[in-house]
Amino acid sequence: MPIDKFKTLQSTAVPMPIENVDTDQIIPARFLKAIERKDFDKNLFRDWRYDKNDQPKPDFVLNDSTYSGKILVAGENFGSGSSREHAAWALYDYGFRVIVSSFFADIFKNNALNNGLLPVQISAEFLEKLFIAIQKDPGTLIEVNLETEKIILLANGDNESFEINPYKKECLIKGYDDIDYLLSLKDKIQEFEQNLM
Amino acid sequence: MTPTTLFDKIWDAHVVHQVERGPNVLYIDKHFIHEVTSPVAFLGLDKRNLKVSRPEKTIATPDHNVPTIDQHLPIKDQLSRNQVDQLTKNCEKHNIQLCGLNHPWHGIVHVIGPELGITQPGMTIVCGDSHTSTHGAFGAVAFGIGTSEVEMVLASQCILQPKPKKMRITVDGKLKKGVASKDIILYIISKIGTAGGTGHFIEYAGSAIRELSMEGRMTICNMSIESGARGGLIAPDETTFTYIEGREMAPKGEMWDKKLAYWKTLKSDEGAVFDKEYTFDASDIEPMITFGTNPGMGLKISQPIPDPQNLPPNSRQTFEKSLNYMGFKPGDKMIGKEVDYVFVGSCTNGRIEDLREVANFVKGKKKADNITAWIVPGSRQVEEQARKEGITNILEGAGFQLRQPGCSACLAMNDDKIPAGKYAVSTSNRNFEGRQGPGARTLLASPLVAAAVAIKGKIVDPRENF
Ligand code: SF4
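Conventions adopted
Residues numbered from 1 in each chain as written. Chains lettered and ligands numbered in written order. Predicted model: local features only at pLDDT ≥ 70, side-chain atom pairs only at ≥ 80, totals over all residues. Heavy atoms only, no water. Contact = heavy atoms within 4.5 Å. Buried area = accessible area lost by both parts, 1.4 Å probe. Salt bridge = Lys/Arg side-chain N within 4 Å of Asp/Glu carboxyl O. Helix = DSSP H or I, 4+ residues; strand = E, 2+ residues; numbered from the N terminus. Nonpolar A, V, L, I, M, F, W, Y, C, P; charged D, E, K, R; others polar. Buried < 20%, exposed > 50% of the residue type's maximum accessible area, 1.4 Å probe, protein only. Pairing = 2+ DSSP bridges. Right-handed = clockwise from strand over helix to strand, strands pointing away. Phe/Tyr/Trp six-rings, centres within 6.5 Å; stacked < 30°, edge-to-face > 60°. Lys NZ or Arg CZ within 6 Å of the ring centre and 35° of its normal. Axes fitted to C-alpha atoms, helices over the stretch in contact; angles between N-to-C directions. Left-handed = near helix turned anticlockwise from the far one by under 90°. Near = heavy atom within 4 Å. Domains from an automatic or database assignment.

Student: Tell me about the interface of chain B and chain A, and name the residues and values.
Tutor: By a widely used convention, the size of an interface equals the accessible area lost when the partners come together. Between chain B and chain A, the contact holds 72 residues from the first and 55 residues from the second. Roughly 5,200 Å² of surface becomes buried between chain B and chain A when both sides are summed, with 61% attributable to carbon and sulfur atoms. Across the contact surface, chain B and chain A share five salt bridges. The set of elements that each furnish at least two residues to the side of chain B that touches chain A consists of β1 (15–18), β2 (24–27), α2 (39–48), α3 (78–94), α5 (147–156), β8 (158–161), α10 (253–263) and α11 (313–326) of chain B. For the side of chain B that touches chain A, the element with the most residues is α5 of chain B, which contributes seven residues. The class makeup of the residues in the side of chain B that touches chain A is 28 nonpolar, 27 polar and 17 charged.

Student: Any chance you could break down the pairing of strand β10 (residues 200–205) of chain B for me, citing the residues and the numbers?
Tutor: For a regular strand, side-chain orientation follows a simple rule: the groups alternate between the two sheet faces. Residue and element names in this part refer to chain B. Counting buried positions along β10 yields six of six residues, so the element is predominantly enclosed. Every second residue of β10 is oriented toward a common face, with His200, Ile202 and Tyr204 on one face and Phe201, Glu203 and Ala205 on the other, all of them buried. Sheet topology places strand β9 (residues 165–172) next to β10; six bridges connect them, and they run parallel. Across the sheet, residue Met167 finds its bridge partner in β10, namely Ile202. This β-α-β element, β9 to helix α6 (residues 181–192) to β10, shows right-handed connectivity. Across three bridges, β10 lies against strand β11 (residues 231–233) in parallel orientation. Across the sheet, the residue bridging to Phe201 is Gly231, located in β11.

Student: Please give an account of the packing of aromatic side chains that cites residues and values.
Tutor: One pass over the full model with this rule turns up 22 aromatic pairs over all chains. One aromatic cluster is present, formed by Phe7, Trp11, Phe143 and Phe201 of chain B through successive ring pairs. One residue, Arg97 of chain A, lies across the ring of Tyr92 of chain A, its end atom 3.7 Å from the ring centre. Across the ring face of Tyr243 of chain B, the terminal group of Arg247 of chain B is positioned such that the distance to the ring centre comes to 3.8 Å.

Student: A description of the packing of helix α13 (residues 352–362) of chain B against helix α14 (residues 380–388) of chain B should follow, citing residues and the corresponding values.
Tutor: Between two packed helices, the angle of one axis relative to the other and the distance separating the axes together describe the packing. Residue and element names in this part refer to chain B. The contact between α13 and α14 brings their axes to 9 Å, and the two run at 35°. Here the hand of the crossing between α13 and α14 comes out right-handed. Residue-level contacts link Ile352, Leu355 and Arg356 of α13 to Val382, Gln385 and Ala386 of α14. Among the residues forming the contact of α13 with α14, the class breakdown is four nonpolar, one polar and one charged.

Student: Talk me through the site of the ligand; I want residue IDs and the actual numbers.
Tutor: Residue and element names in this part refer to chain B. By nearness alone, every residue bordering the ligand is listed as His64, Ile108, His110, Asp129, His131, Ser346, Cys347, Cys407, Cys410, Leu411, Asn429 and Arg435. Residue composition of the shell around the ligand, grouped by class: five nonpolar, five polar and two charged. When we break the shell around the ligand down by domain, the ones giving at least three residues each are domain 1 (1–286) and domain 2 (301–456).

Student: Please provide a residue-by-residue account of the sheet that holds β2 of chain B, values included.
Tutor: Residue and element names in this part refer to chain B. Read across the sheet, three strands follow the order β1-β2-β8 without closing on themselves; strand pairing throughout is antiparallel. The open sheet has two edge strands with one neighbour each: β1 and β8. Going from strand to strand, the sheet's axes swing by 25° on average, the running direction of each strand aside. Two strands pair when backbone bridges link them, and β2 and β8 are joined in this way by four bridges, in the antiparallel orientation. Across the sheet, Tyr27 pairs through a bridge with Cys158, a residue of β8.

Student: So what's going on with the pattern of salt bridges? Which residues, and what values?
Tutor: For the coordinates displayed, the defined rule picks out 36 salt bridges over all chains. With its nearest N and O atoms 3.3 Å apart, the salt bridge here joins Lys33 of chain A to Asp77 of chain B. Taken together, the residues Lys33 of chain A in the loop between α1 (23–26) and α2 (46–49) and Asp77 of chain B in the loop between β4 (58–60) and α3 connect one chain to another. The class for Asp77 of chain B is partly exposed, based on a relative accessible area of 32%.

Here it is, written out as structure tokens:
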């Protein structure tokens, strides 16, 4: 199915300066029992967000009304562990469109891109700058511009470039998905199969 | 010809097309599916009105979300039953071979692939599960994928994938007594960190790796993902060929000879260049255990928990959060800490060799009173073999509970959960917060350490006199 198009986004951000956030935290295994993509956002960060009695934990950032926005700014090595795409679905359906970190786990990065969720990898220094800016002023606006591959702190113009594979960039900007592309290669694939041992 | 790595040889032979300034279109030889990460992919196919392109190249088994008791009865948990039923329906509709719950080949996907001879050298193998890296032990390029990619493989037998970089990890020398392959990989991850392998495919080499059995090699490749790597592989050799020969789905007769000749060419050429190389000395490795909430937080069992004072602020905060969750303090000794549960199982250490190791150790002994010990075989075949060898009797005699095959407490999707706050020494691969149940505290270790802990009731060096 076509993914949502993404060109540029200006938004406030939610800071989560925790490192090695694994996909078991993003969505614990016991909430993976559905057979369709529905309601995973409700269990996003379930065990950090809610206590044993399903009451919101006030000290967790998603329960803190000070912070909101479509950008999640997270500590190094975000999305490690399980390959569950449910993690990307949960983040996307919750309303995030961009995840910023100084480092992403490989499978998570692919899963995010395949769902129109943009992983923006920046330097540890710029990440630190973002954390400080957001914590000082939760209304801080950040622009993520996919076309120019730049992330900008709008208040002072501080910015950094990020990299994205040109093919994936085009998919996101145009809203294409990989299956359409693979199906268009049918003849090539068949030819390849004929030469298999 | 320029010397080439094993990884390049296999990968390049499967590139159907190179997208300009983009990923490779990679042909997939074998695709495993399970009940949790496949249903949305099949829904996607339905929405586009597509059939599975090569159903004979996909094989299915329900493992993540199945009960491990009374598997002959209908599954009680309705959501789990739904998922398993959906897998059955999808397989029927698309003509995919299914090793269902009561099938003699049922088991954890990464245990049954090798044991049935499906996993073979030189193949590209994927599954919607990060521990697909296990199959790399046979000299295959095997890695985990997401559900969108599962849909790609079902639809076209290909995926779009950027080519990873290459890393070689060489472990030379002799392992000390009581040190197992699980200790090697926990040691490696404690050295290179949980992101040390990110963006790379690892080749494991060196005399200590060569000497491992196939089971031992699988344990190592299995946990490649815990270093962030896309996967890990080991060049096939006589150990590999002997393991495969004669298995149900292994090539036979003339085909075997032809394949074998090809498999023998599968190794990195002398002088092949890797993007990154590490070398470790096998004799430096001791029995390992983890103390934190990621697999990189491991140490030699005799060492104290390190002090995070010198870490940068965010890392220190993460480290402290982790210790806080575990109920430990910097400087704490691991030896002597009380444990509540022992879990032997999973695609890391739920094979027959692992059960033998545990049985060998606990024979004639009794588990400590404070310990609940679960043994969950990785497959039906492992379960059967254990029964035949008398392992089942030994384990039950020592007070272990034997369950039926499945992922079980490795990810605690079913009822096999470690209660909040309790400590579990586990032979699985992840000690993330809540991985084995909300609030559960996991300590990763080898089957031998797990066996020793079960007997003593607390953390103990298995090389001590018992
Ligand atoms: S045993 Fe654990 S790691 Fe292995 S496939 Fe099952 S859940 Fe994943």
